[in-house]
Protein chains: 2
Amino acid sequence: MSGAAYAIGDLARQTGTKVETIRWYERDGIMPAPVRTAGGHRVYTQAHLDRLAFIRHARELGFPLEDVRELLRLADKPERPCAEADAIARVHLEAVRSRIARLQALEAELVRMVAACGHGRVAECRVIEVLADQSHAHCLHDGHGGTGL
Amino acid sequence: MSGAAYAIGDLARQTGTKVETIRWYERDGIMPAPVRTAGGHRVYTQAHLDRLAFIRHARELGFPLEDVRELLRLADKPERPCAEADAIARVHLEAVRSRIARLQALEAELVRMVAACGHGRVAECRVIEVLADQSHAHCLHDGHGGTGL
DNA sequence: CTTGAACCTATAGTGACTATAGGTGCCATC
DNA sequence: GATGGCACCTATAGTCACTATAGGTTCAAG
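Everything quoted here is computed from the prediction, not taken from an experiment. (Residues numbered from 1 in each chain as written. Chains lettered and ligands numbered in written order. Predicted model: local features only at pLDDT ≥ 70, side-chain atom pairs only at ≥ 80, totals over all residues. Heavy atoms only, no water.)

1. Topic: the overall build of chain A
Alright, step 1. From N to C terminus, chain A includes six helices and two strands.
Alright, step 2. Along its sequence from the N terminus, chain A presents helices and strands in the succession α-α-β-β-α-α-α-α.
Alright, step 3. Across the 149 residues in chain A, those meeting the buried criterion constitute 41%.
Alright, step 4. Long-range pairs, those at least 24 residues apart, make up 45% of the contacts in chain A with a sequence separation of at least 6.
Alright, step 5. In the structure as shown, chain A presents an accessible area of about 7800 Å², 54% of it carried by carbon and sulfur atoms. (Helix = DSSP H or I, 4+ residues; strand = E, 2+ residues; numbered from the N terminus. Buried < 20%, exposed > 50% of the residue type's maximum accessible area, 1.4 Å probe, protein only. Contact = heavy atoms within 4.5 Å. Areas by Shrake-Rupley, 256 points an atom, 1.4 Å probe, with all protein chains shown as cover.)

Dropping the structure here:
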């Protein structure tokens, strides 16, 4: 119960990470250096496994490592006064929601395309319009309506 | 109507892209080379603007450029028989849905944290458990339940 | 006609890995 | 207890998708 021990390859398999990447995370500092065997092999704990799984998921979702570091600091110190943690959480929340919205727009268009494909042709593909749409971009105003990708 | 013309800086401003990145996209081939002025300055059309906006959104959503290229080919040839386009669309659809699901889990947890922050402390932060959760990972079975970062 | 912001090319640097080379440890099997 | 071979080690170089810098040219506003 106290001591699940993993080799680097176990961690790699369980999280779908390359062994090299795990070692790189250690050099980077985002993963703590584990204990070593006499021969120098790394020996990981359950905590390492959890942390690595978290990092990988966050990266897959597109958070830069720097943000992941921040989220980890947040998780590391649950007794910290709220101001900063709240700010971090809020910023990420907004980013997450924006991503969800745009992914849902893309999802809808892909569904439409796959459905249209049932009829033998790609039909007019609007994937580009869906994502090129300025509604989520910074500036812009007019909305011209053209198709020509 | 036929001829909106943009300098590279206009495209950059309108899409939130760095000028260097646009030139890089051209060298890369994902953006077609525009007409030049006598002095060598690039002159873009509305089509360029749309395509760039699409590329940027797709990249923000985490698609590698190679996938973006594929989606663009899909959009470029709407008369193409369906098999390949359908396959591409389906694969991306699955990827998109998986992303949405995980982002929503993260969103829920961030909401919970921000709410808890109202009471002065970060409370138990479960951001890590939420994302470290193996439910979306490749292999794995047991689910131990520990918290340790 | 000047001035300076915006453009040009070319090259080097960054973040986050990924691959390769060359060597060592571990342990199951003989 | 020797040994075969796979997993591990370090170090370095390469990749992708940019981003920054240096050093020079163009163009449009005044």
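Structure's up, so let's keep going.
2. Things to note about the protein's contact with DNA strand D
Alright, step 1. Not every one of the 20 residues close to DNA strand D is listed here, only the nearest: R23 and R42 of chain A together with Y25, T37 and R56 of chain B.
Alright, step 2. Counting only the atoms of DNA strand D that lie within 4 Å of the protein, the sugar and phosphate share comes to 90%.
Alright, step 3. One of the side-chain N or O atoms of T37 of chain B is found 2.8 Å from a phosphate oxygen in DNA strand D.
Alright, step 4. L65 of chain B is positioned such that a nitrogen or oxygen atom in its backbone is 3.0 Å from a phosphate oxygen of DNA strand D.
Alright, step 5. Those elements that place two or more of their residues in the surface near DNA strand D are α1 (8-15) of chain A together with α2 (19-28) and α3 (46-60) of chain B.
Alright, step 6. In terms of residue class, the surface near DNA strand D is made up of six nonpolar, seven polar and seven charged. (Near = heavy atom within 4 Å. Polar contact = N/O pair within 3.5 Å; in protein donor to acceptor, adjacent residues only side chain to side chain. Nonpolar A, V, L, I, M, F, W, Y, C, P; charged D, E, K, R; others polar.)

3. Brief notes about the packing of α3 of chain B against helix α4 (residues 65-76) of chain B
Residues and elements named next belong to chain B.
Alright, step 1. Taken N-terminus to C-terminus, the directions of α3 and α4 make an angle of 140 degrees; their axes are 10 Å apart at the nearest point. For the element pair α3 / α4, the angle class is oblique. The way α3 lies across α4 gives a crossing that is right-handed. Mapping the contact onto sequence places R51, F54, I55, A58 and R59 in α3 and L65, V68, L71, L72 and D76 in α4. (Axes fitted to C-alpha atoms, helices over the stretch in contact; angles between N-to-C directions. Parallel < 35°, antiparallel > 145°, perpendicular 65-115°, else oblique. Left-handed = near helix turned anticlockwise from the far one by under 90°.)

4. Observations regarding the confidence of the model for chain A
Residues and elements named next belong to chain A.
Alright, step 1. Residues of chain A with pLDDT of at least 70 account for 68%, and the chain-wide mean is 75.
Alright, step 2. Across chain A, the secondary-structure element scoring lowest on mean pLDDT is helix α6 (residues 127-132), at 59, and the one scoring highest is strand β2 (residues 42-43), at 97.
Alright, step 3. Within the model, pLDDT remains below 50 along residues 134-149, and this stretch shows 23 contacts once partners closer than five positions in the same chain are excluded. (pLDDT = per-residue confidence, 0-100.)

5. Points about the protein's contact with DNA strand C
Alright, step 1. The immediate surroundings of DNA strand C are formed by 20 residues, with Y25, T37 and R56 of chain A together with R23 and R42 of chain B found nearest.
Alright, step 2. The share of sugar and phosphate among atoms of DNA strand C within 4 Å of the protein is 88%.
Alright, step 3. Between DNA strand C and T37 of chain A there is a distance of 2.8 Å, counted from a phosphate oxygen to a side-chain nitrogen or oxygen.
Alright, step 4. The separation between a phosphate oxygen of DNA strand C and a polar side-chain atom of R23 of chain B is 2.6 Å.
Alright, step 5. For the surface near DNA strand C, the elements supplying multiple residues, two or more each, are α2 (19-28) and α3 (46-60) of chain A together with α1 (8-15) of chain B.
Alright, step 6. For the surface near DNA strand C, the class distribution of residues is six nonpolar, seven polar and seven charged.

6. Details of the pattern of salt bridges
Close approach of charged atoms allows side chains of opposite charge to pair.
Residue and element names in this part refer to chain A.
Alright, step 1. Applying the stated criterion to the full structure yields 12 salt bridges over all chains.
Alright, step 2. Note that R13 and D10 form a salt bridge whose closest N and O atoms lie 2.9 Å from each other. Of the two residues, R13 and D10 are both situated in helix α1; the distance of three residues between them amounts to about one turn of the helix.
Alright, step 3. We classify R13 as exposed; its relative accessible area is 55%. (Salt bridge = Lys/Arg side-chain N within 4 Å of Asp/Glu carboxyl O.)

7. Some remarks on the environment of E70 of chain B
Residue and element names in this part refer to chain B.
Alright, step 1. Residue position: E70 is located in helix α4.
Alright, step 2. Relative accessible area serves as the criterion here: at 25%, E70 is assigned to the partly exposed category.
Alright, step 3. The spacing of E70 and A89 is 19 residues in sequence and 9.6 Å in space, taken between C-alpha atoms.

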